[in-house]
Amino acid sequence: MGRRREFDRAVTELVRDCVAEGSVRPDVDPALTSRLLFGTVNSLTEWYRPGGGLSAEALADGLVTTLFSGLRAS
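Residues numbered from 1 in each chain as written. Predicted model: local features only at pLDDT ≥ 70, side-chain atom pairs only at ≥ 80, totals over all residues. Heavy atoms only, no water.

A. Region of the structure containing the pattern of salt bridges. Summed over all chains, the structure comprises three salt bridges. As a salt-bridge pair, Arg35 and Asp8 come within 3.4 Å of each other at their nearest N and O atoms. Remark: Asp8 occurs in helix α1 (residues 2-21) and Arg35 occurs in helix α2 (residues 30-47); sequence separation between them is 27 residues. Relative accessible area serves as the criterion here: at 48%, Arg35 is assigned to the partly exposed category. Residue classification places Asp8 among the buried positions, given a relative accessible area of 16%. (Salt bridge = Lys/Arg side-chain N within 4 Å of Asp/Glu carboxyl O. Helix = DSSP H or I, 4+ residues; strand = E, 2+ residues; numbered from the N terminus. Buried < 20%, exposed > 50% of the residue type's maximum accessible area, 1.4 Å probe, protein only.)

What follows is the structure in structure tokens.
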């Protein structure tokens, strides 16, 4: 548990740095963004299946687009 908290703090700090440089939106709490990213990456092993409907590249592209651009259509 301690290692997980340490990782969570490190990723949260990374998100804060990205907010400060203007790469990540400032209106969402960095800890929430960190947990969203961490949870998404951790859950991949539960539902991704090689040879399934999406290639690894398409999955990565879709996740990055959704996580960094959101779900709302422009």
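B. Local environment of the environment of Phe7. Along the chain, the position of Phe7 falls in helix α1. Separated by 31 residues in the primary sequence, Phe7 and Phe38 place their C-alpha atoms 9.5 Å from one another.

C. A look at the packing of α1 against α2. Two numbers describe how α1 lies on α2: the axes approach to 8 Å, and their chain directions differ by 115°. Crossing hand, α1 versus α2: right-handed. Taken together, the residues of α2 that come into contact with α1 (itself represented by Arg4, Phe7, Asp8, Val11, Thr12, Val15 and Arg16) are Pro30, Ala31, Thr33, Ser34, Arg35, Leu37 and Phe38. Grouping the constituent residues of the contact of α1 with α2 by class yields seven nonpolar, three polar and four charged. (Axes fitted to C-alpha atoms, helices over the stretch in contact; angles between N-to-C directions. Left-handed = near helix turned anticlockwise from the far one by under 90°. Contact = heavy atoms within 4.5 Å. Nonpolar A, V, L, I, M, F, W, Y, C, P; charged D, E, K, R; others polar.)

D. Up close: the side chain of Thr40. Within the secondary structure layout, Thr40 lies in helix α2. Overall, the relative accessible area of 15% leaves Thr40 in the buried class. Excluding residues within four positions of it along the chain, Thr40 makes contact with Leu63 and Leu67.

E. Just α2, in detail. Along its 18 residues, α2 runs 26 Å from first to last C-alpha, staying within 8% of the 26 Å computed at 1.5 Å per residue. The complete set of buried residues in α2 reads Pro30, Ala31, Thr33, Ser34, Leu37 and Thr40. Where α2 starts, the residue carrying a side-chain oxygen 3.2 Å from the main-chain nitrogen of Ala31 turns out to be Asp29. (Expected span 1.5 Å × (residues − 1). Polar contact = N/O pair within 3.5 Å; in protein donor to acceptor, adjacent residues only side chain to side chain.)

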